[in-house]
Amino acid sequence: MARIEWTRMSGDEIEELVAILVSREYPDSERIRPSRGDGGIDLLVPQADGTYWILQVKKFAQNLTASQKTQIKKSLTRLITFSRENSLKVSKWDLVTPLDPTKENRKWLRGLAGPPEVIPGWKGIQFVDGLAAKFPEVVDYYCQDGADRLAAATRDFMTLLHSGGDRPLCAADATATLKALASRINDHDPHYSYDLHVTTQEMPYSSINEDMLVAARQEQLASDVFVTIAVRARFNDAPLVREIPLQVSFTVPPDSGLREQVESFINFGTELVVESGVALTMDLPGGLSPEPFTNGGVRITAQRQPLQSPHEVRLVVTDPDGDELASVPVVFDSVTRGMNSASSGQMHGADTLGVIDVTLKLDFLKQTMVFSISLRETTGRRLEDLLPAFQLRAHWGHPNRMAMVNPYQPAPVQWIPIDLPIEEGTLPLLKVVEALLEIQRARGRAIRMPSIMGEPVAMIEPWVEAGRLLRGEEIHGTWDSISLTVSEDLPPELQTMITGAVVMHTPLIVEIAGERIELGTKQVCLASARLTAPAVPGQSAVLEPADDDTAVIRLVPPTGASEARGPGVG
């Protein structure tokens, strides 16, 4: 590849080319073009320790002038303000330009005041030319005729895709021919890559890996030939450089659920799903744009943007008297914004143990915020990790109140009433987790959260009952009948017992994930019982309530055997 003549390029061309080269080298970087002052492009590269490396791209290709030095100084000053206002932790700052510094310039740069403990650095012509050699398709596209070759490759690809050539394609030759053309497109497109799948049956879109995915298109070339193309951004900001125009129009009936959905999409960037009546045109990369259609459906999902610095809070819920019911640390790490991004948006986060996802809708004009809390998969998780999040969900509702507390700085708390009803089913789930924790303590070995979806209530209720007994509670209730085995040595005079109180001792056993766990002995006290028929030693008998159908169950030390006692039963 010929050496780039940087001095023959305009300042804007230099900045754009260098910024894309750096973005290709660091795909997770985020670009920020300042709206005022010193110009240039900032690239924020996240580091493994949570800090950021800032690369300030400048268009300088010849020796620095006094004016250019002033621009660099302004960049550092602006960075200090920006990092302070956004709680951005900066570990490195480098000037990137196709110009190697003189000794005097390097000394001058290092003497500038940057962020705390950061010494300004300089990435010059060797760094930039090295990136150009690594990504020749970027240089070819922006400096030579790569854009024309990309257009030609996409035309050939789409011609074959739509016509199949002179004869119908079978899966075997479709794979070889189309992949060769797709490879040509990948060789020339600096912004997007293209994954091609040729299958003998329709490929579900849900099976496509969503990593850096911006679009996918599927064509049926023959009865047994399906072609799916997944378009992926080569770097995070590719859609900002090579935009994907999309025009969607549809009618929103008044007083419909769709109207609320559209308003939420405009204000907060929530998902918008319209199932029919949609007219759509778009300009996808690689010439993959479909023909405009007038009666389709569409699902639009706003892209989450990472926060410059994660926002840590503690969500606390109390009852109306101020007694704490739940406290969960949450980290918000991304946002989505709608068209009214200046006045509203959504923050997305999760608890620090990864049990729940938390979304916060903010409307600054109306001064409102709305939380939504959803549970992740819990099967196999540690019970101790689940408890705080389950407590939060079970108490998130009227008449309780909540607050977002700074976990690192004591400050007055602003309590906010929770106007929503508590979500159905959250309290029983909390009781299950609390009961399993009691069983775990009594067992002396770890229990992982079992799968309870679809389990019958008869399987789960014994866990909750055992948990209550292990906590020392007495369980009061009523009963209707009990079957038991009559002792062989029951005296004849007791075999026709009429009525009386009965005390029974039976092992407390629960079954969790197929394992039987013995937890001791429970005592069942029946206030008044009678036999439904004369008892026969060694056979089953049935007790039913006599004058009083109440019962009390409590935990007692293990006795080593099951037994029933009472007037007439021994």
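Residues numbered from 1 in each chain as written. Predicted model: local features only at pLDDT ≥ 70, side-chain atom pairs only at ≥ 80, totals over all residues. Heavy atoms only, no water.

Trainee: An account of the overall build of the protein is needed here, citing residue identities and associated values.
Mentor: Scanning the protein for helices and strands turns up 12 helices and 25 strands. The 570 residues of the protein split such that 43% are buried. Per element, the accessible surface of the protein, about 30500 Å² overall, is 50% carbon and sulfur. (Helix = DSSP H or I, 4+ residues; strand = E, 2+ residues; numbered from the N terminus. Buried < 20%, exposed > 50% of the residue type's maximum accessible area, 1.4 Å probe, protein only. Areas by Shrake-Rupley, 256 points an atom, 1.4 Å probe, with all protein chains shown as cover.)

Trainee: Residues and numbers for the nonpolar core, please.
Mentor: Ranked by internal contacts, the top residues of the largest apolar core, which has 59 residues, are Phe332, Leu392, Ile439, Trp463 and Leu526. For Leu392, the residues in contact, after removing those within four places along its chain, are Leu315, Val317, Ala326, Val328, Ile356 and Ile373. Ranked by size, the runner-up nonpolar core spans 49 residues in total, among them Val22, Trp53, Leu55 and Leu288. (Core = buried A, V, L, I, M, F, W, Y, C linked by side-chain atoms within 4.5 Å. Contact = heavy atoms within 4.5 Å.)

Trainee: Quick one: what's the story with the packing of aromatic side chains, residue by residue and with numbers?
Mentor: By the definition in use, this model includes 3 aromatic pairs. Ring plane angle 75° and centroid distance 5.2 Å describe the contact between Tyr26 and Trp53, whose orientation is recorded as edge-to-face. Separated by 27 residues along the polypeptide, Tyr26 in the loop between α1 (11-25) and β1 (30-32) and Trp53 in strand β3 (residues 52-57) bring together distant segments of the chain. Since its relative accessible area comes to 5%, Trp53 is described here as buried. Each ring, one from Tyr141 and one from Tyr142, has its centre 5.0 Å from the other, and the planes form 65°; the classification is edge-to-face. Residue class for Tyr141 comes out partly exposed when judged on its relative accessible area of 23%. The ring of Trp108 carries Lys69 above its face, with NZ or CZ at 5.2 Å from the centroid. (Phe/Tyr/Trp six-rings, centres within 6.5 Å; stacked < 30°, edge-to-face > 60°. Lys NZ or Arg CZ within 6 Å of the ring centre and 35° of its normal.)

Trainee: Describe the sheet that holds strand β2 (residues 41-46), listing the residues and the values that go with them.
Mentor: What holds strands together in a sheet is hydrogen bonding between their backbones, with the strands either parallel or antiparallel. Read across the open sheet, the 5 strands follow the order β1-β2-β3-β4-β5; overall the sheet is mixed. Across the chains shown, the open sheet's two edge strands, defined by having one partner strand only, are β1 and β5 (121-123). Between one strand and the next, the sheet's axes are offset by a mean angle of 30°, whatever the strand orientation. (Pairing = 2+ DSSP bridges. Axes fitted to C-alpha atoms, helices over the stretch in contact; angles between N-to-C directions.)

Trainee: Describe the sheet that holds strand β9 (residues 246-249), with residues and values.
Mentor: The 3 strands are arranged β9-β10-β11 in an open sheet whose pairing can be described as antiparallel. At either end of the open sheet lies a strand with only one pairing partner, and these are β9 and β11 (293-300). Neighbour-to-neighbour, the strand axes of the sheet open up by a mean angle of 55°, direction not taken into account. Pairing between β9 and strand β10 (residues 272-282): 4 bridges, direction antiparallel. In the strand pairing of β10, Gln247 is matched with Thr281. Lying over the sheet, helix α9 (residues 257-268) contacts β10 and β11, oriented at roughly 60° with respect to β10.

Trainee: Describe the pattern of salt bridges, listing the residues and the values that go with them.
Mentor: This structure, assessed with the given rule, holds 21 salt bridges. The shortest N-O distance in the salt bridge between Arg382 and Glu384 comes to 3.7 Å. On the basis of relative accessible area, Arg382 is assigned to the partly exposed category, the value being 37%. We classify Glu384 as partly exposed; its relative accessible area is 35%. (Salt bridge = Lys/Arg side-chain N within 4 Å of Asp/Glu carboxyl O.)

Trainee: Before we move on, could you go through helix α4 (residues 125-134) and cite the residues and values that matter?
Mentor: Looking only at α4, the buried set comprises Ile125, Phe127, Val128, Asp129, Leu131 and Ala132. Next to the buried residues of α4 lie α1, β4 (90-96), β5 and α5 (136-143).

Trainee: Lay out the confidence of the model for the protein in plain terms, naming residues and giving numbers.
Mentor: Overall, the prediction assigns the protein a mean pLDDT of 84, with 90% of residues at 70 or greater. When mean pLDDT is taken per element in the protein, helix α10 (residues 383-395) scores highest with 96 and strand β25 (residues 563-565) scores lowest with 42. Per-residue pLDDT stays below 50 along residues 165-169; that stretch engages in 8 contacts with residues further than four places along the chain or on separate chains. Within the model, the stretch residues 560-570 combines pLDDT values under 50 with 27 contacts to residues more than four positions away or in other chains. (pLDDT = per-residue confidence, 0-100.)

Trainee: Give a detailed account of α10, specifying residues and quantitative values.
Mentor: Across its 13 residues, α10 extends 18 Å between first and last C-alpha, which sits within 8% of the 18 Å expected from 1.5 Å per residue. Listed as buried for α10 are Leu383, Asp385, Leu386, Ala389, Phe390, Leu392, Arg393, Ala394 and His395. (Expected span 1.5 Å × (residues − 1).)

Trainee: Residue-level account of the pairing of β4, with values.
Mentor: Counting buried residues in β4 gives 5 out of 7 residues, a clear majority hidden from the surface. With helix α2 (residues 66-85) bridging β3 and the parallel β4, this β-α-β connection has right-handed handedness. (Right-handed = clockwise from strand over helix to strand, strands pointing away.)

Trainee: Help me get a handle on the side chain of His191, residues and values and all.
Mentor: Note on placement: His191 falls in the loop between α7 (171-188) and β6 (192-199). Judged by its relative accessible area of 2%, His191 is buried. The residues touching His191, leaving out its near neighbours within four places in the chain, are Ile20, Tyr141, Tyr142, Arg232, Ala233, Arg234, Phe235, Ala238, Val241 and Arg242.

Trainee: Can you break down the pairing of strand β24 (residues 550-556) residue by residue, with the values?
Mentor: The pairing of strand β19 (residues 475-478) with β24 spans 4 bridges and is classified as antiparallel. Residue pairing across strands places Thr478 opposite Thr550, the latter belonging to β24.

Trainee: Tell me about unusual backbone geometry, and please be specific about residues and values.
Mentor: Here the bond from His398 into Pro399 is cis, since omega is 10°, no more than 30 degrees from zero. Assignment of secondary structure puts Pro399 in the loop between α10 and β17 (401-405). Phi at Gln367 takes a positive value of approximately 55°, unusual for a residue other than glycine. Tracing the backbone through its elements, the reader meets Gln367 in the loop between β15 (356-363) and β16 (368-375).

Trainee: Explain the environment of Ser183 to me, using residue names and the numbers behind them.
Mentor: Among the structural elements, Ser183 can be located in helix α7. The spatial distance from the C-alpha of Ser183 to the C-alpha of Ser193 is 9.3 Å, given a sequence separation of 10 residues.

Trainee: If you had to explain the side chain of Thr97 to someone new, which residues and values would you point to?
Mentor: Take Thr97: it is sitting in the loop between β4 and α3 (103-110). At 2.3 Å, the side chain of Thr97 forms a polar contact with the backbone oxygen of Phe60. Look past the residues within four positions of Thr97 in its chain and what remains in contact with it is Lys58, Lys59, Phe60, Ala61, Trp122, Lys123, Gly124, Ile125 and Val128. (Polar contact = N/O pair within 3.5 Å; in protein donor to acceptor, adjacent residues only side chain to side chain.)

Trainee: Explain the packing of α10 against helix α11 (residues 426-443) residue by residue, including any values.
Mentor: The geometry of α10 relative to α11 is characterised by a closest axis approach of 9 Å and an angle of 155° between their N-to-C directions. What the angle tells us is that α10 and α11 run roughly antiparallel. α10 and α11 meet at a crossing whose hand is left-handed. Contacts between α10 and α11 involve Leu383, Glu384, Leu387, Phe390, Gln391, Arg393, Ala394 and His395 on the former and, on the latter, Thr426, Leu427, Leu429, Leu430, Val433, Glu434, Leu436, Leu437 and Gln440. In terms of residue class, the contact of α10 with α11 is built from 10 nonpolar, 4 polar and 3 charged. (Parallel < 35°, antiparallel > 145°, perpendicular 65-115°, else oblique. Left-handed = near helix turned anticlockwise from the far one by under 90°. Nonpolar A, V, L, I, M, F, W, Y, C, P; charged D, E, K, R; others polar.)

Trainee: How would you explain the packing of α1 against α5 if you had to name every residue and give the values?
Mentor: Each pair of packed helices can be summarised by the angle the axes make with each other and by the distance between the axes. Between α1 and α5, whose axes approach to 10 Å, the crossing angle comes to 160°. Judged by the inter-axis angle, α1 sits roughly antiparallel to α5. Once α1 is placed against α5, the crossing between them reads as right-handed. Residues Glu16, Leu17, Ile20, Leu21 and Arg24 of α1 touch α5, and the partners they reach there are Glu137, Val138, Val139, Tyr142 and Cys143. A per-class count over the contact of α1 with α5 returns 7 nonpolar, no polar and 3 charged.

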